[in-house]
Amino acid sequence: MTARHWQNVYIYKNEQDHIETMVSISRRWLLRIFAAVGGASTLAGRFPFLKLISANMLERADNRGATTRMNAKTHIAVIGAGAFGGWTALYLLRRGARVTLLDAWGPGNARASSGGATRVIRGTYGPNQPYTKVAARAAQLWKENQKRWNLKLMHQTGVLWMVTAGDDHFERESLPLLRDAGIPYQELSVQEMAARWPQINLEAVHWGIYEPEGGFLMARDGCQAVLDGFLAEGGEYRQVAVVPRDLDGKWDSVSLSDGSKLDADQYVFACGPWLGKLFPETLGHRIRPTKQDVFFFGTPAGDDRFTESKLPVWADHRDRFLYGIPGNQGRGFKVADDTRGPEFDPTSGERTVSADGLRVIRDYIAFRFPALKDAPLLESRVCQYENTPDNNFIIDRHPSHENVWLLGGGSGHGFKHGPALGEMMAGLMMEHKNPEPRFKLERFRR
Ligand SMILES: Cc1cc2nc3c(=O)[nH]c(=O)nc-3n(C[C@H](O)[C@H](O)[C@H](O)COP(=O)(O)OP(=O)(O)OC[C@H]3O[C@@H](n4cnc5c(N)ncnc54)[C@H](O)[C@@H]3O)c2cc1C
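Here the structure is a predicted model, which means the values were calculated and not measured.

Conventions used here
Residues numbered from 1 in each chain as written. Predicted model: local features only at pLDDT ≥ 70, side-chain atom pairs only at ≥ 80, totals over all residues. Heavy atoms only, no water. Pairing = 2+ DSSP bridges. Helix = DSSP H or I, 4+ residues; strand = E, 2+ residues; numbered from the N terminus. Core = buried A, V, L, I, M, F, W, Y, C linked by side-chain atoms within 4.5 Å. Buried < 20%, exposed > 50% of the residue type's maximum accessible area, 1.4 Å probe, protein only. Contact = heavy atoms within 4.5 Å. Phe/Tyr/Trp six-rings, centres within 6.5 Å; stacked < 30°, edge-to-face > 60°.

Trainee: Any chance you could break down the sheet that holds strand 6 (residues 154-155) for me, citing the residues and the numbers?
Mentor: Within a beta sheet, neighbouring strands are joined by backbone hydrogen bonds and run either parallel or antiparallel to one another. Strand order in this open sheet of three strands is 5-10-6, and the pairing throughout is antiparallel. The sheet terminates laterally at strand 5 (118-121) and strand 6, the two strands that pair on one side only. Bridge count between strand 6 and strand 10 (residues 215-218): two bridges; the pairing is antiparallel. Its bridge partner lying in strand 10, H155 is registered against F216.

This is the structure we're talking about:
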């Protein structure tokens, strides 16, 4: 243990009798000891006096100010500056940690799942899930932060769900959750929809949900804004890669692509579709990247019916789940198919869209948006989802490293939640709490 690892921590056992316990111990070493014996509670059970210095108390001590003195801030390394890592780094910094953020290619780079221009933000999410509430919190934080940075990252065009014949339980059972989360919505009849958006052919649509405060977010620009905010508030960023080597096994520090090493108290790995490669034993088969094609079509000259001023974001939940974002920044009308594509390597995969995928989308827009029948393809791009088996996120400590957190598995719907996840992660880490069972790795063992 080097001198830098030792910290004097003064903990008042309780504030009434003012019994002061001085503990001179490295928090990092303490976390390692906890990990070796199976967690803080096991250790405290075996050595009751250690209850006084449980990790929980050390963390609480962090926040107590007057009764606590620590010589150094917790140093947390966040690896990955996408939607998950970037916001986590920012909120950890705001909670008082010293944070180093690393990314191999930069925030929202062309290979990252957070790359590209835009992402949908919506609250309709079906039954029995936590995401409607998380999306509501995220929307509030997107607004707060964009105001703080004087940027427009969230475009509240509204989101229209077109509910087709047959099984509508996804939309129907979303309604109480929208209500509970305080997300405004309207149930619309086909006649009401036709009157508002005559540019949509509503054949086979039975009813709709309209979320007036939903819309789209700037993706790549959003990630860059988070990094700029993080730097402005005192964070440290390096464009460098963590070298993938047995991170599931024993290690003290991480090796970086520039030949240096990084040694932090705690680590958050938020490496999107790369997470499984970095932790093959723990996550290899639990995060499956799939190729997802995205298309941008040219709208008719002088016609604004398919741009953000006249059309909301839309979702069409039929046999396939297709969705789109109206034209913005002169980029054309975006359409994509949420169906999972083939497996894809995020580092070396060639990013060319499939001819079959383009045909499906062309047939679809000719049917649903007849005026775009012959619209030219302006742009296309390939991104990847990082899918978990149940499409729920992974938010958990590494099973053999108490001070290493794994954060990912966005499964095609993670971007919008970025700020709420960042805030949640900072709370979990700084207050030594456990994540919801739904997000923990344990769920895969049941
Ligand atoms: C086509 C498409 C459409 C989507 N639509 C939506 C939508 O409408 N709404 C929504 O909410 N979500 C959507 N998503 C999902 C969402 O974009 C992702 O879930 C989210 O962006 C994942 O963010 P992340 O930070 O986990 O991953 P990433 O953005 O991939 O970030 C991971 C970062 O880690 C870095 N990294 C990797 N390995 C290393 C290493 N060894 N060392 C250092 N750095 C490393 C990478 O460079 C990268 O920047 C969509 C995704 C796609 C692909």
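Trainee: With reference to specific residues and values, describe the nonpolar core.
Mentor: Formed by 70 residues in total, the largest nonpolar core has its most connected members in L92, W142, F230, V268 and I395. If we ignore the near neighbours within four places in the chain, the residues touching V268 are I76, A77, V78, I79, T88, L92, W405, L407, M425 and M429. Counting residues in each nonpolar core, the second largest holds 25 residues, with V254, L262, L283 and L441 among its members.

Trainee: Talk me through the packing of aromatic side chains; I want residue IDs and the actual numbers.
Mentor: In total, this model carries 25 aromatic pairs according to the counting rule given. Note on W142 and F415: the rings are 5.6 Å apart at their centroids and 25° apart in plane angle, and the pair reads as stacked. With W142 in helix 5 (residues 131-149) and F415 in the loop between strand 21 (401-408) and helix 13 (418-430), this pair connects stretches of sequence that are 273 residues apart. Assessed through its relative accessible area of 1%, W142 is described here as buried. Owing to a relative accessible area of 8%, F415 belongs among the buried residues under this scheme. Relative to F369, the ring of F333 lies with its centre 5.0 Å away and its plane at 70°, an arrangement referred to as edge-to-face.

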